[in-house]
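# Architecture and fold: a report
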Amino acid sequence: MTIVACSCKSSAQQKHEAQSNVTPATPMDGRKEVTAVPMKHQKQIALPGIAPGHCRMLGMVTAISPQPDATATGICGQTPCRAKVKILKIIGYGHSFNQTLVPNKEINAYFVFSLKPTAQLLPDLTPPLPGLKVNSTFIADVSTNTEVVGNSPPWYQVELYQVQESK
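Reference entry: report on the structure contained in this document. (Residues numbered from 1 in each chain as written. Predicted model: local features only at pLDDT ≥ 70, side-chain atom pairs only at ≥ 80, totals over all residues. Heavy atoms only, no water.)

## Here we look at the nonpolar core
Put simply, the test is: Grouping buried Ala, Val, Leu, Ile, Met, Phe, Trp, Tyr and Cys residues that are joined through side-chain atoms within 4.5 Å yields what is termed a nonpolar core. The classification of residues rests on relative accessible area computed with a 1.4 Å probe and restricted to protein chains. Under 20% of the type maximum is buried, over 50% is exposed, and intermediate values are partly exposed. By definition, any uninterrupted DSSP run of H or I lasting at least four residues is a helix, any uninterrupted run of E lasting at least two residues is a strand, and each is numbered from the N terminus. Residue contacts follow a heavy-atom distance rule, with two residues in contact if any of their heavy atoms lie within 4.5 Å.
Among the nonpolar cores identified, the biggest contains 23 residues, and Met57, Leu101, Phe111, Phe138 and Tyr161 are the most heavily contacted of them. Those elements giving two or more residues to this core turn out to be strand S3 (54-64), strand S4 (82-93), strand S5 (106-111), strand S6 (137-144) and strand S7 (155-164). Looking at this core, the element that brings in the most residues is S4, giving 5 residues. Other than its neighbours up to four places away in sequence, Phe138 contacts Met57, Leu58, Gly59, Met60, Val61, Val85, Phe111, Leu132, Tyr161, Gln162, Val163 and Gln164.

## Things to note about the pattern of salt bridges
The cut-off we apply is this: Whenever Lys or Arg places a side-chain nitrogen within 4 Å of a carboxyl oxygen from Asp or Glu, that contact is recorded as a salt bridge.
For the structure shown, the criterion picks out 2 salt bridges. With a shortest N-O distance of 2.6 Å, Arg56 and Asp141 are connected by a salt bridge. In this pair, Arg56 sits in strand S3 while Asp141 sits in strand S6, placing the two residues 85 residues apart along the sequence.

## Focus: the packing of aromatic side chains
Our working rule: Stacked, edge-to-face and tilted labels apply to pairs of Phe, Tyr and Trp rings (six-membered ring for Trp) whose centres lie within 6.5 Å, assigned for plane angles under 30 degrees, over 60, and everything in between, in that order.
Using the criterion set out here, one finds 4 aromatic pairs in the structure. Here the aromatic rings of Phe111 and Tyr161 are separated by 6.1 Å at their centres, their planes lie at 85°, and the arrangement is edge-to-face. One end of the pair, Phe111, is in strand S5; the other, Tyr161, is in strand S7, with 50 residues separating them in the sequence. Taken as a pair, Phe111 and Tyr161 share a single burial class, namely buried. Aromatic rings pair up to connect Phe111, Phe138 and Tyr161 into one cluster.

## What about the environment of Leu121?
Note on placement: Leu121 falls in helix H2 (residues 118-121). Of the residues examined, Leu121 reaches a relative accessible area of 33% and is grouped as partly exposed. Each C-alpha atom, one on Leu121 and one on Thr79, is 9.4 Å from the other, the two residues being 42 residues apart in sequence. Residue contacts for Leu121: discarding those within four places in its chain leaves Ile75, Thr79, Ser114 and Lys116.

Here's what the structure looks like:
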């Protein structure tokens, strides 16, 4: 039995180089260096840490529906949960996010835990959310809401968010 080796690199090394998008270069002294090769622009690349079916974005609240959702039970039947959000930046996508979101586009957002501070409303929610108002900026993972929560779909669902300090 004869074994033929076609490459000196292990499959783990090849995989690492493919993931890090680098190309080996050999300088004159024979040492190997690694130089970065710019990635070609690709749409909706799945990033680690973003759940499947979600898009991580930086957004700004532009309008809030002042009334609670009359058909909702729970927190959204008591406090406002619907808002218009302007996308300021797309940070990344999880696997299988099938919508196209772009900066400067306004979307309808449904905040599952309301737009009010949650410390007293939902004392078991950890960490408590600080609440959002018009012109608040935040980072959140949004998903497409499969249930219609308004008359103008699509609606995007926001669970947890982080408020960004204005500069």
